[in-house]
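Below are the chains, spelled out letter by letter.
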Amino acid sequence: MKKTILAASAALLLASCAGNGTFSISGNIEGADNQPVLLENSINGYWVPIDSTRTDGDGDFKIKHQSPDVPQVYRLTVNDRSVYFPVDSLDDITIKATLANFATDYSLTGSDNAENMARIDHRAREIAAITDAVEAAKKREEFKRELAQQLVATPASVLAYYIINKQINGAPLFDFTNSVDLRIIGAVANAYSYSRPNDPRTANIVKTYLAGKKATYKGGSAPTDTMYVDEAKILEIALPDENGKIQSLQKLAEKGGVVLLNFTTYEVQESPAFNKLLSDLYNANKGRGLEIYQVGIDTNVSTWKTAASNLPWITVYDEAGTASRNLAKYNVQAIPAIFLIDRSGEIAARVTDLAELPAQLKKLL
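Residues numbered from 1 in each chain as written. Predicted model: local features only at pLDDT ≥ 70, side-chain atom pairs only at ≥ 80, totals over all residues. Heavy atoms only, no water.

(A) Representation of the overall build of the protein. Tallying secondary structure elements over the protein gives 10 helices and 17 strands in all. Across the 365 residues that make up the protein, the buried fraction comes to 51%. For the protein, the share of sequence-separated contacts (at least 6 apart) that also reach a separation of at least 24 residues comes to 63%. As presented, the protein carries roughly 17100 Å² of accessible surface, and 49% of it is formed by carbon and sulfur atoms. (Helix = DSSP H or I, 4+ residues; strand = E, 2+ residues; numbered from the N terminus. Buried < 20%, exposed > 50% of the residue type's maximum accessible area, 1.4 Å probe, protein only. Contact = heavy atoms within 4.5 Å. Areas by Shrake-Rupley, 256 points an atom, 1.4 Å probe, with all protein chains shown as cover.)

(B) Examining the packing of helix 2 (residues 133-153) against helix 4 (residues 179-195) more closely. Two numbers describe how helix 2 lies on helix 4: the axes approach to 10 Å, and their chain directions differ by 30°. Viewed along their axes, helix 2 and helix 4 adopt a mutual orientation that is roughly parallel. Between helix 2 and helix 4 the crossing geometry is left-handed. Contact residues: helix 2 offers K144, A148, L151 and V152, while helix 4 offers D181, I184 and V188. Looking at the contact of helix 2 with helix 4 residue by residue, the classes come out as five nonpolar, no polar and two charged. (Axes fitted to C-alpha atoms, helices over the stretch in contact; angles between N-to-C directions. Parallel < 35°, antiparallel > 145°, perpendicular 65-115°, else oblique. Left-handed = near helix turned anticlockwise from the far one by under 90°. Nonpolar A, V, L, I, M, F, W, Y, C, P; charged D, E, K, R; others polar.)

(C) Region of the structure containing unusual backbone geometry. The backbone phi angle of N34 is positive, close to 55°, even though this residue is not glycine. Tracing the backbone through its elements, the reader meets N34 in the loop between strand 1 (22-30) and strand 2 (36-43). The class for N34 is partly exposed, based on a relative accessible area of 44%. Although it is not a glycine, N79 adopts a positive phi angle of roughly 55°.

(D) Region of the structure containing the sheet that holds strand 4 (residues 60-66). Taking strand neighbours across the sheet as the criterion, the four strands line up as 4-1-7-8 in an open arrangement whose pairing is mixed. One side of each edge strand has no neighbouring strand; the edge strands of this open sheet are strand 4 and strand 8 (106-109). On average, each strand axis in the sheet is tilted by 15° relative to the strand beside it, whichever way the strands run. Sheet analysis places strand 1 next to strand 4, joined by seven bridges and oriented antiparallel. The residue bridging S24 from the neighbouring strand is K64, located in strand 4. Its contacts with the sheet put helix 1 (residues 112-128) on strand 7 (92-98) and strand 8, and the angle it makes with strand 8 is roughly 155°. (Pairing = 2+ DSSP bridges.)

By themselves, these observations are geometric and do not establish any function.
Right, dumping it as structure tokens:
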């Protein structure tokens, strides 16, 4: 569950192995009589044909193919024009289009991701067609803000990788040389690193992020150090819990235990798995002095409160969300962010690899 300014990731606990079945892409292409239809997959940036068929006399077609081991983006190509769609496990995608306007006038159904990608592509084409430069720039920024919110909510999704590589009229929506855009790219890089360590796209997005860090580095701490903090006394956080009571991080640390400080969100699908990991650690170590102070930056307070009420540790809500000063104080660029505070009240570690969390806790308890 890793996110820049929100999150998705502890899914490194969840293996996404879907390759034991098949997915299908079928539909109708009006005006296509005995027309070749090509299914392609991207491998290291190159589109490779993996299956094909022909439409019948009514323009109907169907292709079945083995499901990918990890969610992938495919494209269906007819007459050198393509429609893009994601596949996750046993999807059954249906497309309706016309041969004359294939790739610009079509509908995709069968999965939320496929329908969402279709909306993204349609919107991008609409903006690309705007001739007034001022209006085009305005619509582009509106679109970009909407996509950024989607990335923040699901940075480990197959669509996230697609979105951060999306271009309009040859210009990337998210530019890795722009420091603000780079934070969003970093969210996806972190989410993929934690949730999809074996996904072949992970190395590419991490490489892009690091290139952006180098390009935007203007001095100060080393560019690769921005994900970490030096050992220091903790910075106070005082926020309301689910009952409205103000909980102080500093007062909790003064009790002399080891505090796990976590910035997170409950709104992503990986959150239950991540909290299960924390629960196991908490139950095993609370008798040895482990405390958890969990800061939620969810956009929906009701969602947060419902989830928080079922957790045995201190949960607080930061209504400022991604604009939180607490995130800035702790230099949080990715979520979930985990800090370990030792018995003397100092930040002893920032945990960037969930697999190492038990061992790092053991050193302090």
